[in-house]
Amino acid sequence: SQQGEEDPQALSIQEGENATMNCSYKTSINNLQWYRQNSGRGLVHLILIRSNEREKHSGRLRVTLDTSKKSSSLLITASRAADTASYFCATGSSYNQGGKLIFGQGTELSVKP
Amino acid sequence: GAGVSQSPRYKVAKRGQDVALRCDPISGHVSLFWYQQALGQGPEFLTYFQNEAQLDKSGLPSDRFFAERPEGSVSTLKIQRTQQEDSAVYLCASSKQRDHSYNEQFFGPGTRLTVL
């Protein structure tokens, strides 16, 4: 079963705009990760944020985590057509042996040139 | 290659047929995971190996699903007597460390299984 939900399910923006995706989860975690999946390709890891962190940056990506609300957001700034993909949040927990990930249902992002 | 590879990339099976899906993880990665991804959904965990030991198979949907990693590297996911509901993309992932939930997982391109 999925860990939680992502919002919105689909997002369409123009190149240069910012894109914000949200993720909610249900159980306690010790890390949350964001992955990107292009059509026909595997998942690519973008960023990991630990449960004791509130914000993390990587290039044009900014991730926030609010453990009290069990939610996270991914912000992509100055979007490009190449950012078109599905984005998934995934949670890891010390209860998940070996570090298995529980994924959300994903946000489908379309960036129009 | 440096990444996780999977074969075949596409598999069409008739209902009732057995299939075997292969995963070659990144060399030296201790942990290996199998996930199932239905169309329009996020991946769902199937099973986990630490080296050759299968430590978690709680996500396998039925006893028709079987996975092995006999020498702690290549893994095979076998589905017996395939059903239409088995149609999905099967993703393999590996990570460097064992039993550590801060690990980034590296995913293969997946095998798209279609059961007719």
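An account of the accompanying structure is given in this report. Being a predicted model, the structure only gives us computed values, none of them experimental.

Rules and cut-offs
Residues numbered from 1 in each chain as written. Chains lettered and ligands numbered in written order. Predicted model: local features only at pLDDT ≥ 70, side-chain atom pairs only at ≥ 80, totals over all residues. Heavy atoms only, no water. Pairing = 2+ DSSP bridges. Helix = DSSP H or I, 4+ residues; strand = E, 2+ residues; numbered from the N terminus. Axes fitted to C-alpha atoms, helices over the stretch in contact; angles between N-to-C directions. Salt bridge = Lys/Arg side-chain N within 4 Å of Asp/Glu carboxyl O. Buried < 20%, exposed > 50% of the residue type's maximum accessible area, 1.4 Å probe, protein only. Contact = heavy atoms within 4.5 Å. Buried area = accessible area lost by both parts, 1.4 Å probe. Polar contact = N/O pair within 3.5 Å; in protein donor to acceptor, adjacent residues only side chain to side chain. Nonpolar A, V, L, I, M, F, W, Y, C, P; charged D, E, K, R; others polar.

The subject of this paragraph is the sheet that holds strand 7 (residues 61-66) of chain A. Residues and elements named next belong to chain A. Read across the open sheet, the five strands follow the order 1-3-8-7-6; overall the sheet is antiparallel. The sheet is open, and its two borders are formed by strand 1 (5-7) and strand 6 (55-58), each paired with just one other strand. The mean angle between the axes of side-by-side strands here comes to 15 degrees, regardless of whether they run parallel or antiparallel. Pairing of strand 7 with strand 8 (residues 71-76), which is carried by six bridges, proceeds in the antiparallel orientation. From the neighbouring strand, Asp 66 faces strand 8, where its bridge partner is Ser 71.

Scanning the entire structure with this criterion turns up six salt bridges over all chains. We note a salt bridge from Asp 83 of chain A to Arg 60 of chain A, for which the minimum N-O separation is 2.9 Å. You can see Asp 83 of chain A sitting in the loop between strand 8 and strand 9 (85-92) and its partner Arg 60 of chain A sitting in the loop between strand 6 and strand 7, a full 23 residues away along the chain. Glu 68 of chain B serves as the salt-bridge partner of Lys 78 of chain B, at 3.4 Å between the closest nitrogen and oxygen. Of the two residues, Lys 78 of chain B sits in strand 8 (residues 75-79) while Glu 68 of chain B sits in strand 7 (residues 65-68), which places them 10 residues apart along the sequence. Residue class for Glu 68 of chain B comes out partly exposed when judged on its relative accessible area of 26%.

Moving on, we come to the interface of chain A and chain B. Tallying the contact residues gives 25 residues for chain A and 25 residues for chain B. Of the roughly 2000 Å² buried between chain A and chain B on both sides combined, carbon and sulfur atoms contribute 48%. Put simply, Asp 56 of chain B and Lys 100 of chain A hold a salt bridge, and the shortest N to O gap is 3.5 Å. Our count for the chain A to chain B interface comes out at five residue pairs in polar contact (both at pLDDT 80 or more). When contributions to the side of chain A that touches chain B are tallied by element, the ones reaching two or more residues are strand 4 (31-37) and strand 5 (43-50) of chain A. The residue makeup of the side of chain A that touches chain B, split by class, is six nonpolar, 16 polar and three charged.

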